[in-house]
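Spelled out from the first residue to the last, the chains are:
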Amino acid sequence: CHAKAMIEAKFVLDKAIRELYATLLANTMVVADLGCSSGQNTLHFVSEVINIFTKHQNNLGQSDTVDLQFFLNDLPGNDFNHLFRILNTFTFKGASNHKGDILPAYHIYGAPGSYYTRLFPPQAVHLFHSSLSLHWRSQVPEQLNGKQKSYLNEENIYITKTTPLHVVKLFQEQFIKDFSLFLKLRHEELVDGGRMVLTIYGRKSEDPYSGDVNDIFGLLGKSLQSLVAEGLVEKEKLDSFNLPLYGPSVGELEEIVNRVNLFDMDHMHLFECNWDPYDDSQGDIVHDSALSGINVANCVRAVTEPLIASHFGEGILSALFTDYAHRVASHLEMEKTKFAWIVISLKKRC
Ligand SMILES: C[S@@+](CC[C@H](N)C(=O)[O-])C[C@H]1O[C@@H](n2cnc3c(N)ncnc32)[C@H](O)[C@@H]1O
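Residues numbered from 1 in each chain as written. Predicted model: local features only at pLDDT ≥ 70, side-chain atom pairs only at ≥ 80, totals over all residues. Heavy atoms only, no water.

The protein appears in an unreviewed UniProt entry as Benzoate carboxyl methyltransferase from Oryza glaberrima.

Engineer: Whenever I open this one, the overall build of the protein confuses me. Can you help?
Structural biologist: The helix and strand inventory of the protein stands at nine helices and seven strands. Relative to its length of 350 residues, the protein is compact, with a C-alpha radius of gyration of 21 Å against a globular reference of 20 Å. In terms of principal-axis extent, the alpha carbons of the protein reach across some 70 × 40 × 40 Å. When burial is assessed residue by residue, the protein has 53% of its 350 residues classed as buried. Within the protein, counting contacts between residues at least 6 apart in sequence, those at least 24 apart form 84% of the total. For the protein, the accessible area works out to roughly 16000 Å², and carbon and sulfur atoms hold 53% of it. Side chains of the protein give 31 positive and 42 negative charges; the mean places of these two sets differ by 4 Å. (Helix = DSSP H or I, 4+ residues; strand = E, 2+ residues; numbered from the N terminus. Rg over C-alpha atoms; globule rule 2.2 N^0.38 Å. Buried < 20%, exposed > 50% of the residue type's maximum accessible area, 1.4 Å probe, protein only. Contact = heavy atoms within 4.5 Å. Areas by Shrake-Rupley, 256 points an atom, 1.4 Å probe, with all protein chains shown as cover. Lys, Arg positive; Asp, Glu negative; His and termini not counted. Charge placed at Lys NZ, Arg CZ, Asp CG, Glu CD.)

Engineer: Explain the site of the ligand to me, please; I cannot follow it from the model alone.
Structural biologist: Of all residues adjacent to the ligand, which total 16 residues, the nearest are Gly 35, Asp 74, Ser 114, Tyr 115 and Ser 131. Backbone polar atom of Tyr 115 to a nitrogen atom of the ligand: 3.0 Å apart, as the coordinates give it. At a separation of 2.9 Å, a nitrogen atom of the ligand approaches a polar backbone atom of Ser 131. Protein coverage of the free-state accessible area of the ligand, which is 610 Å², stands at 84%. Of the residues contributing to the shell around the ligand, the split by class is six nonpolar, nine polar and one charged. (Near = heavy atom within 4 Å. Polar contact = N/O pair within 3.5 Å; in protein donor to acceptor, adjacent residues only side chain to side chain. Nonpolar A, V, L, I, M, F, W, Y, C, P; charged D, E, K, R; others polar.)

Take a look at the structure:
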């Protein structure tokens, strides 16, 4: 999905950078990628920004060049060493450059920390970007964190059809709290008129019981239930586990942005992509559901493994994700469900 997300966000980024450039007072444009991870995708974003920036700067025929300063942010546990190693071999190859275009100088730094805390000095950043990260909550809602004696979301690890409505509300409230905080913090760190382009894993319908975030993690919950039935996992372990996630709808995002009242919404659109990131076919049929099941299981494993291993132990991982791959395959045979992603572009209100 990353490549599709970059394509979907590209014209939004392009507009934001163009408008920022037109009003830039400094000789450096500061760009921060939040939740950057540590792979080639991070470099893809950096290349994209340099590319867009070079195009505008050269179109305007500016002789005084502006430098680009990138801050790559993720949690401190992110493999920044790997990221810096691949950055060391990174040479920008602009796809859309005309011969003779002047490239901006660019400087790249790491910025470890949670984006639910202050990361930068006041008014220090021109553009924030975050892709495929903001569905992660700062924590599991307190009442669900497993320290209580009674478990409110028994046998589930996220919202499913059997999750009580008051538990759904807890997930929603955690999202409202986190996203409002995120907006306030970034507002402080942005220069006046600064921009944010965010691509968020969300849902198409306003109904919090629907959507593929629920489907994909509902199936993982079912796999955990089958390990309980086989005696490989204690029921209490499953009952006390919830994922710190929430996939918002377009309406929910809009409402929080309006309520916080610090940004103007410049753009918002929703796009979909297949669960299997290697399946770029159109239409409603999955051609090789077994293979797609394995591909989806590998992706979900990559993002959930640390949480699952620390709660249930590493010993269950192989059995869990083998079962999960089968369940995803059967699900895709019945329905080619898709991820829903929401791109928003916000402008700081002064
Ligand atoms: C699926 S990856 C997305 C990577 C990349 N942005 C992309 O588009 O491919 C999500 C990243 O968000 C990071 N993340 C989650 N919560 C975070 C937080 N509170 N602060 C900073 N990064 C966070 C994770 O560590 C992970 O690297």
